[in-house]
Amino acid sequence: MSCLFCQIIEGSIPAKPCYEDDKVFVFHDLHPQAPTHMLIVPKKHIASINEATPEDAALIGHMMLTAKQLAKDAGFAEQGFRLVMNCNSWGGQTVFHLHLHLLGGRMMTWPPG
Ligand code: 5GP
Ligand code: ZN
């Protein structure tokens, strides 16, 4: 298995876990870009949002709702936070296993780089 995030989900590469259920694994980003920077990763390997299909709709919705709950648990839901999903080269994607970034704990700026 060559996919980095599949190996983290399997436990063969260590990560700092935040949350897990039957559909997603959430862990801290190795290079945090905010005081809280978690990655919400589906256990199903999907390379990017370009490869998602209508049958993945509930899974992708679950990723969003999991992020919302984690933001609430972290205490910054009311102040606000950012969810990011990069896609392919121009989107800045570097790991080709679908994931949602949850960034919180500081003021964000717009537009992103
Ligand atoms: P992308 O650039 O694909 O949207 O996001 C990939 C993220 O994975 C980056 O923010 C990067 O810091 C993070 N990352 C890369 N390798 C590892 C790793 O081995 N462990 C963890 N926890 N995060 C990683
Ligand atoms: Zn994978």
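Procedures and definitions
- Residues numbered from 1 in each chain as written.
- Chains lettered and ligands numbered in written order.
- Predicted model: local features only at pLDDT ≥ 70, side-chain atom pairs only at ≥ 80, totals over all residues.
- Heavy atoms only, no water.
- Phe/Tyr/Trp six-rings, centres within 6.5 Å; stacked < 30°, edge-to-face > 60°.
- Buried < 20%, exposed > 50% of the residue type's maximum accessible area, 1.4 Å probe, protein only.
- Donors = N, O, S within 2.8 Å, 3.2 Å for Na, K, Ca; no water.
- Tetrahedral: all angles 85-135°; square planar, octahedral: opposite > 155°, others 65-115°.
- Near = heavy atom within 4 Å.
- Polar contact = N/O pair within 3.5 Å; in protein donor to acceptor, adjacent residues only side chain to side chain.
- Areas by Shrake-Rupley, 256 points an atom, 1.4 Å probe, with all protein chains shown as cover.
- Helix = DSSP H or I, 4+ residues; strand = E, 2+ residues; numbered from the N terminus.

Caption draft 1: Spatial organisation of the packing of aromatic side chains. Considering all chains together, one arrives at 3 aromatic pairs under this definition. Summarising the aromatic geometry, the rings of Phe-25 and Phe-27 are spaced 5.6 Å apart at their centres and angled 40° between planes, so their arrangement reads as tilted. The pair Phe-25 / Phe-27 is uniform in exposure class, with both members buried. By the ring-pair criterion, three or more aromatic residues cluster together here, those being Phe-5, Phe-25 and Phe-27.

Caption draft 2: Representation of the coordination of the zinc ion (ligand 2) in the model. Surrounding the zinc ion (ligand 2) are the protein donor atoms Cys-3 (SG), Cys-6 (SG), His-45 (ND1) and His-97 (ND1), at 2.0 to 2.3 Å. The coordination sphere of the zinc ion (ligand 2) comprises 4 donor atoms, whose angles at the metal cover 104 to 117°; the geometry is tetrahedral.

Caption draft 3: Spatial organisation of the site of ligand 1. Taken together, 16 residues form the shell around ligand 1, and within it Asp-29, Asn-86, Thr-94, His-99 and His-101 come nearest. One of the side-chain N or O atoms of Asn-86 is found 2.8 Å from an oxygen atom in ligand 1. Val-95 is positioned with one of its backbone polar atoms (N or O) 3.0 Å from an oxygen atom of ligand 1. About the coverage of ligand 1: the protein hides 85% of its 520 Å² of free accessible area. Contributions of two or more residues to the shell around ligand 1 are made by helix 1 (4-10) and strand 2 (24-28). When residues of the shell around ligand 1 are assigned to their parent elements, the largest contribution, 3 residues, is made by helix 1.

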